[in-house]
Amino acid sequence: AGGGWLETAARVLMADDPVIARNLGVLAQRRGDTATALRRLRRAAVLAPEDPATAGVMMKLPAGAEPGRDAIRWSVRSALTEPGQEKRWIDLVVRLLHEGRVREAAAWATRIPIPPDAWSYKLLRLVAHAYSKTECDAEAIPLLVRLTVREPYDGSLHILQALVHRRTGDLDAAVRHARRGALVEPGSLDTLAPLGAELARADRHEEAARLLRRVLRVDPERRTETVENLGAALLKFDDREETGRVLREAIVRRPHAPGGYLNFSTFALQGLDLGSAGRYGRFAALAGPTSADAQYNLGSICRHQGRVAEARSFLEAAVALDDKPMYRYVRAMLELGDGDPVDGLQRYAVRWDIPSFSASRRLGAEPSLPLPVWQGEPRPDATLAVWAEQGIGDELWFAGYLAWAAERVGHVVVEVAESFAPLLHRSFPDIEVRARYGDGTEAAMAAADLQIPMGDLVRLCGAATLPVPTGYLRPDPAAVERLRGFYRAGRPGRGIIGISWRSVKPLRGRSFEAPLGDWGPLFALDDTVFVSLQYGDVIDDVRLVAERFGRSLVRSPEIDAYRDLDGFAAQVAAVDRVVSIANSTVAMAHALGKPVDVIARTIQDDWRYARGASATRWLPTARVTWQTDGQDWATPIRQIAERIGREP
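Residues numbered from 1 in each chain as written. Predicted model: local features only at pLDDT ≥ 70, side-chain atom pairs only at ≥ 80, totals over all residues. Heavy atoms only, no water.

Focus on the overall build of the protein chain
Going by this rule: In DSSP terms, a helix is any run of H or I states spanning at least four residues, a strand is any run of E spanning at least two, and both are numbered starting from the N terminus. Whether two residues are in contact is decided by their heavy atoms: any pair within 4.5 Å suffices. Each accessible area is a Shrake-Rupley result for a 1.4 Å probe, and residues are judged covered by the shown protein chains and nothing else.
Scanning the protein chain for helices and strands turns up 32 helices and twelve strands. Partitioning the intrachain contacts of the protein chain with sequence separation of at least 6 by distance along the chain shows that 61% fall at a separation of at least 24. For the protein chain, the exposed area adds up to about 29,400 Å²; of that, 52% sits on carbon and sulfur atoms.

Structure, rendered in C-alpha cells:
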C-alpha cells in the first residue's frame, strides 16, 4: 500500500534501479499523486533512456500533468525504443490523428520498420487514413487494396479508394471504386452519395442525377444533404424547371450553408441573369466567408459585370484561401480584358497549371517536347518550334505574332491545325508550317533547339504596349476574285455583308447562337448582298431567311468553313464587311484586316473583348455591340443595322 514500509524501502533503492523507479511512479499515479509519479518516472528515464516501458507510462499521464509536457514526444520515444512492437506505432499514429497532426502521422508511418504485409487491420486502416488525408496517394493505394482484400464488404474502404483515385486524375477508377462501395452497401447514403459525386465529377451527370434521386427514396430522412448534390448534378442539364426547384429547396433546407446559394448563382449565370447571379453569389460569400469557391464565383460574376476592382478583390481572396490554378487563371483573364494587360500577360502562364486546359501539347512539369522554352532573346543560330494552342480562333489570332518571332531566330517551324496550314504557309512563306499530327511533324518539332506555345509570343514581344498586328493573313487572290464575282453576280453596285450566327463548341454548354429570326433589321438593309460565313449545314437557315424576310442568303457550298480555312479566308476577304457573333469568324476578319461588327453576349468569356466597350485593344478592326439582356439578340442586331444604314 502507498506509504508503507515496502514503498519506503523501494524509494531508497530506486536511486540506481530504473525498474523500481518506474514501478514507484506507477504506484504514485494509481493513488492520484501525479507530481510524485512524474518525478519517479523521470528518474527511471534518466537511468534507462532506452527502456520503452517508462516512455509508455509517461505518455499515458493526464494532459495537464506536466507544464509543457508533450505526450506525443513520449509516444515517439516509445515507438523508437521498441520499433518492432506494432502497438507502439498504433498508439503514436492514433495520438497524432486525434490532435489533427495528420501530416506528422503520415510522415511517421513511412518510418515503420515492420513490413506492411505484417500489419494488422487496425494499423493498415490508420495509416491509409493518414495518407489519404495528406494526398499521399501513391502510398495510400496499396494499403487500401490490402484493406479491401481483408474487408471486401466495407463500403467506406471502396469510397476512400475512389477519393484517392480521383485525386490522381483517374476519374474512371474513382467511379469504379465508388460503385463497388454502393454495391456492397446499397442502402447507405454514405456510399450512394459519394458515387453520385464521383459520377458528376466524371461528367456523367445523368447517371449522377438518377442515383441521387434514388438516394432520396432510400434515405428520405437525410434529404437535406442530398438535394444540394442533386441540384449540382442537374446544373449540367437543360431542364431548368426541375433544376431551379431542387436548388431552391436546398437553400430553404440549409439557409446558412453557402453551397445552395453558390449553386443557384451558377444556375442564374447559366441563364445569363447576371443580376440574380450576383445577388446569390453575395449570399454565398456571406454564408461562407472562408469558402474559396464562393469568393471565386463572386469575383467571376463581378468580372462579367465590368466591376473590375471588386472582381480583383474577390479573386485575390479566393487565391488566398485556396491557391487553385483556375482562380489565378481567371485573375489573369480579368487583367487582360479589363485591367492591366501587362500584368495580365505575366499571369497568363498559369494556364499550364490547369490539367484540362485545351492544348495539343503541354508545358510545365511534364512538357510534351524535351526542349528549352524560348525567352524571346535573339537566336539567329537556332530553330524555334512554335505550337498552337486552344481553339482555331486562337490559332488565327496568335498567328499575328509569328513575324516577330521569325525576325529573332534563325528558323521557325510552326505546328497548327491541318485546316490552317495552307493559309498560314501562303501568309508566311519563310516559316516552315507543319500540320498537327501530319507526317514528319513530330520529328520536325523535336529537332528544334527551342520551343514556345503560340500564346506566349504575345507576352514575349510586349504586345500589351504595342499596336496589335492585323491583316497578316494572305488569302488566295484568285479565289477571292472568283467569290466576289459570284456574290455580285446580277447585283452590281451593291454592298456585300458576310454574317455568322452560330458557335459550336466541343465543350458542353459552351455553344450558342443568335437565331436568324432576330436578324430582320439587318436583312432589311437595301442594296446589300448577304453571304453566309457560317460553318456547318446552313440549308435550313437559308430557307428561313428566304421565307421570313424575302432575302437571299448566299452560300458557297463547295467551301467547308470548318475544314478549309483557306477557302474560308477567301470568303471573308471577298465581302465588304462582317457581322458576327463572337466566334472564329471575328478572328479571321481581324487577321485579314476586315471591318467586323461583333454581337457580344452579356457573358462573353474571352479576354479579347473589353466588357461593355465598343472597341477593344486586342481586336482593332472590330466594333462591338453588347447584349444588355442575355436572352435578347434582336436589340444589338437592330443597333448594328441602324449604324450600317447611316454609313455611306
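Considerations on the sheet that holds strand 1 (residues 379-387)
Put simply, the test is: Strand pairing requires that DSSP identify at least two bridges connecting the strands. All axes are obtained by fitting lines to C-alpha atoms, using only the stretch in contact for helices, and the reported angles, taken between N-to-C directions, cover 0 to 180 degrees.
Within the open sheet, the four strands sit side by side as 3-2-1-4. Their pairing is parallel. Single-partner strands in this sheet number two, and they are strand 3 (432-435) and strand 4 (450-453). Averaged over all pairs of adjacent strands, the angle between their axes in this sheet comes to 25 degrees, without regard to strand direction. Relative to strand 4, strand 1 is paired through four bridges, and the arrangement is parallel. Bridging across to strand 4, L384 finds its partner in L450.

Quick word on the side chain of R436
Filter applied, for reference: Accessibility here uses a 1.4 Å probe with only protein chains present; expressed as a share of the type maximum, an area under 20% marks a residue as buried, one over 50% as exposed, and anything in between as partly exposed. Polar contacts, as counted here, are pairs of nitrogen or oxygen atoms within 3.5 Å of one another; within protein the pair requires one atom able to donate a hydrogen and one able to accept it, and residues that are adjacent in sequence qualify only if both atoms are side-chain atoms.
Position of R436 relative to the elements: it lies in the loop between strand 3 and helix 25 (441-446). The buried category is assigned to R436, whose relative accessible area is 18%. A polar contact is formed between the side chain of R436 and the side chain of E395, at a distance of 2.6 Å.

Digging into the confidence of the model for the protein chain
This is how it is decided: The predictor attaches a confidence to each residue, called pLDDT, with possible values from 0 through 100.
Here the protein chain averages 87 in pLDDT, while 90% of its residues score no lower than 70. Scored below 50 in pLDDT, residues 64-69 makes twelve contacts in the model with residues more than four places away or belonging to other chains.

Looking at the nonpolar core
The condition that has to hold: Put simply, buried Ala, Val, Leu, Ile, Met, Phe, Trp, Tyr and Cys residues joined by side-chain atoms within 4.5 Å make one nonpolar core.
If you look at the biggest cluster of nonpolar residues, it comprises 93 residues, and the most contacted ones within it are W374, L424, L457, L473, M588 and W618. When sequence neighbours within four positions are dropped, the list of residues in contact with W374 reads R379, L384, W404, A405, R408, V409, L450, Q451, I452, L457 and L460. Counting residues in hydrophobic clusters, the runner-up holds 30 residues, among them V76, W89, A106 and L123.

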